[in-house]
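Working through the structure, step by step
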Amino acid sequence: MPKEKPGADKVFKALADPNRRKVLDLLFANNGQTLSALCEHLDMQRQSASQHIDVLIDAVLVTVVWKGREKLHFINPVPIYEVYERWVKKFEQKRLRLLNDLKTQLEGENDEET
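Along every chain, residues carry numbers that run from 1 in the direction the sequence is written. Given that the model is predicted, a residue must reach a pLDDT of at least 70 before its local features are reported, and side-chain atom pairs must reach 80 or more before they are shown or counted; all residues, however, enter totals for whole chains, interfaces and linings. Side-chain measures here rest on the full set of heavy atoms in the structure, leaving out hydrogens and waters.

As annotated in an unreviewed UniProt entry, the protein chain carries the name Transcriptional regulator and comes from Leptospira stimsonii.

Structure below.
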């Protein structure tokens, strides 16, 4: 069984909030946004948005790059991929294997009839 990364709890905590997921969606659609640009699409005060972004930064889901006086926010998909690898992929593989077995079985029955 794969070993869980130390920051996995922070990733799950960050992804648990719909506001933070919306920030990630906004960055996915248009990466490298300032806090002001993100706030235009969020239904909250700048201070609240900043706190949500800090949680995303702490979970390494968002990275910050300074460009002059602008602080740009970029999505980091690696922690999400690690969650996928650890928690989603194994369930998906079983489901796909079952669907493939069913397809093979059904096609085998059709071949016998012709």
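Focus on the packing of aromatic side chains
Stacked, tilted and edge-to-face are the three classes assigned to paired rings of Phe, Tyr and Trp, where Trp is represented by its six-membered ring and a pair needs centres within 6.5 Å; plane angles under 30 degrees give stacked, over 60 edge-to-face, the rest tilted. Per the stated rule, a full pass over the model turns up two aromatic pairs. An angle of 35 degrees between the planes, with centres 6.3 Å apart, marks the rings of Tyr81 and Tyr84 as tilted. Taken together, the residues span about one helical turn, with Tyr81 and Tyr84 both in helix H5 (residues 78-113) at a distance of three residues. In this scheme, the term charge over a ring applies when either NZ of a lysine or CZ of an arginine sits within 6 Å of the ring centre and within 35 degrees of the ring normal. For the cation-ring pair, Arg86 lies above Trp87, with the distance from its terminal atom to the ring centre recorded as 4.2 Å. The ring centre of Trp87 lies 5.2 Å from the NZ or CZ of Lys90, which sits over that ring. Under the scheme used here, helices are H or I runs from DSSP no shorter than 4 residues and strands are E runs no shorter than 2 residues, and both carry numbers assigned from the N terminus.

Comments concerning the environment of His52
Of note, His52 is situated in helix H4 (residues 46-58). Placed 35 residues apart in sequence, His52 and Asp17 show a C-alpha to C-alpha distance of 8.8 Å. Any two residues whose heavy atoms approach within 4.5 Å at even a single point are treated as in contact. With residues up to four places along the chain from it excluded, the contact list for His52 reads Asp17, Asn19, Arg20 and Met44. Two N or O atoms form a polar contact when they lie within 3.5 Å of each other; inside protein one atom must be a possible hydrogen donor and the other a possible acceptor, and for residues adjacent in sequence the pair counts only when both atoms belong to side chains. A polar side-chain atom of His52 sits 3.1 Å from a polar atom in the side chain of Arg20.

A word on the nonpolar core
We define the nonpolar core as a collection of buried residues of types Ala, Val, Leu, Ile, Met, Phe, Trp, Tyr and Cys that are connected through side-chain atoms lying within 4.5 Å of one another. Three exposure classes are used, based on accessible area relative to the maximum for each residue type with a 1.4 Å probe and protein chains only: buried under 20%, partly exposed in between, and exposed over 50%. Ranked by size, the top nonpolar core spans 18 residues in total, and within it Val23, Leu24, Leu27, Leu38, Leu42, Leu56 and Leu61 carry the most contacts. Broken down by secondary-structure element, the contributors of at least two residues to this core are helix H1 (8-15), helix H2 (18-29), helix H3 (35-39) and H4. For this core, the element with the most residues is H2, which contributes four residues. Not counting residues within four places of it along the chain, the set of residues in contact with Leu24 comprises Leu15, Leu56, Leu61, Val62, Ile75 and Ile80.

Quick word on the pairing of strand S1 (residues 62-67)
Any two strands with at least two DSSP bridges between them are considered paired. Across six bridges, the pairing between S1 and strand S2 (residues 70-75) is antiparallel. Residue Val62 lies in a different strand from S2, and its bridge partner there is Ile75.

Some remarks on the side chain of Asp17
Mapped onto the secondary structure, Asp17 falls in the loop between H1 and H2. Arg20 provides the closest opposite charge to the buried, salt-bridge-free Asp17, at an N-O distance of 4.4 Å. A polar side-chain atom of Asp17 sits 2.7 Å from the main-chain amide nitrogen of Asn19. Under this rule, positive means Lys or Arg and negative means Asp or Glu; His and the chain ends count for nothing. A side-chain nitrogen of Lys or Arg and a carboxyl oxygen of Asp or Glu constitute a salt bridge if their distance falls within 4 Å.

Digging into the pattern of salt bridges
Summed over all chains, the structure comprises three salt bridges. A salt bridge links Lys89 to Glu85; the shortest N-O distance between them is 3.5 Å. Pair noted here: Lys89 and Glu85 are both in helix H5, with a separation of four residues, about one helical turn. Take Lys89: its relative accessible area is 26%, and that puts it in the partly exposed class. A salt bridge links Lys103 to Glu107, with the nearest nitrogen and oxygen atoms 3.0 Å apart.

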